[in-house]
Amino acid sequence: MKSGLRFAKALLAALIVICAAQPALAQQNRGHVYLLRGLANVFSLGMDDLAAKMNGRGIIATVHEYGQWPQLADAAAAESRATGNSPIVIIGHSLGADAAIEMAERLTALGVPPKLVVTFDPVGVTQVGRSLGYFVNYYQSTNGYGKRLTAGPGFRGNIVNRNLDAVGSIDHFNIEKAPRLHEEVISQVRSITNKPKPKPKPAAPVAPAAEPSVPGTQAAAKPGAPG
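This one's a predicted model, so the numbers in the text were calculated from it and none came from an experiment.

### Notes on helix α3 (residues 46–56)
Every buried residue of α3 is listed here: G46, M47, L50, A51, M54 and N55. The first or second residue beyond α3 is G58, which carries a positive phi of 85°.

See the structure below:
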């Protein structure tokens, strides 16, 4: 119980720091991006780099150890409800990708499904069960780790698998660090978190100004009126 309270306080403190540092940009975006590192919390530092890029563009993003996904799901659901059902995005690498899928399923069960889930080379959990949301999976089937995602029973979202076997410069240990993939993901996230600009209100019609009367003249008769 105490550890859960400490976790919630730490997450809240991180959000306060991020929002205070980016006040102007944060007002343009809504939602929260949760990034999950993989094994030992040290092999997925591309998640930190990606989060920094997002925060620099006004997108609230926090990085976590993959084993925290159950508490994160509960905190994300509560935060989304408290902020007018703001969108939830989950991104994970390796074991963090596996955890992202499990977190998405839990959020769906809680009634607050994620809008977007991005996975980099999931290694164990390769079937998405009872979940909603749009899943984008970047993977390599030839590096000994990455797997393709498939829809399991109860899945009601969409899955897009991006096979990167042909990209020789990428492997399991740097796939989440690729700048080109970061830009693709940020573009996807921004399409979800950007607030739509309010439409400008139409200007009130301006009544035509009355012509000043000139002394000694007679107003012209209306067409059809007796002269």
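### Let's talk about helix α4 (residues 69–82)
Look at α4: 20 Å from first C-alpha to last across 14 residues, which is about the 20 Å you get at 1.5 Å a residue. Where α4 is concerned, the buried positions are W69, L72, A73, A76, A77 and S80. What you see down the axis of α4 is that its buried residues fit within an arc of 135°, all on one side.

### Some details on the side chain of N137
Inspection of the secondary structure puts N137 in strand β6 (residues 134–139). Separated by 2.9 Å, the side chains of N137 and N161 make a polar contact.

### Re the packing of aromatic side chains
Two numbers describe a pair of aromatic rings. These are the distance of the centres and the angle of the planes. With the rule as written, the count across this model stands at three aromatic pairs. Seen in terms of ring centroids, F120 and Y138 are 5.3 Å apart; in terms of plane orientation they differ by 15°. Their pairing is stacked. Taken together, the residues F120 in strand β4 (residues 116–120) and Y138 in strand β6 connect sequence positions 18 residues apart. With respect to burial, F120 and Y138 carry one shared label: buried. Ring plane angle 75° and centroid distance 5.5 Å describe the contact between F135 and F155, whose orientation is recorded as edge-to-face. Within this pair, whereas F135 is found in strand β6, its partner F155 is found in the loop between β7 (150–151) and β8 (158–163), the two being separated by 20 residues in sequence. By relative accessible area, F135 is classed as buried at 0%. For F155, a relative accessible area of 15% corresponds to the buried category.

### Quick notes on the side chain of H93
With respect to the secondary-structure elements, H93 resides in strand β3 (residues 88–93). A distance of 2.7 Å separates a polar atom in the side chain of H93 from a polar atom in the side chain of S44. Beyond its immediate chain neighbours, meaning those up to four positions away, H93 contacts L36, R37, G38, F43, S44, M47, F120, H172, I175 and E176.

What counts and how
Every chain is numbered on its own, with residues counted from 1 as its sequence reads. The predicted nature of this model means local features are confined to residues of pLDDT at least 70 and side-chain atom pairs, given and counted, to a pLDDT of 80 or more, with totals for whole chains, interfaces and linings taken over all residues. Only hydrogens and water are set aside when side-chain values are computed; all heavy atoms of the structure are taken into account. Under the scheme applied here, a residue whose accessible area is under 20% of the maximum for its type counts as buried, over 50% as exposed, and between as partly exposed, the area being computed with a 1.4 Å probe on protein chains only. Only DSSP runs of H or I with at least four residues qualify as helices, and only runs of E with at least two residues qualify as strands; both kinds are numbered from the N terminus onward. One fewer than the residue count of a helix, multiplied by 1.5 Å, yields its expected span. Working definition: the arc comes from the directions between the helix axis and the C-beta atoms, pointing outward to the latter. Any pair of N or O atoms that falls within 3.5 Å is considered a polar contact. Within protein, one atom must be able to donate a hydrogen and the other to accept it, and sequence-neighbouring residues count only if both atoms are side-chain atoms. In this scheme Phe, Tyr and Trp rings, the latter by its six-membered ring, pair at centre separations within 6.5 Å, and the angle between planes marks the pair as stacked below 30 degrees, edge-to-face above 60, and tilted otherwise. Should any heavy atoms of two residues lie within 4.5 Å, those residues are counted as being in contact.

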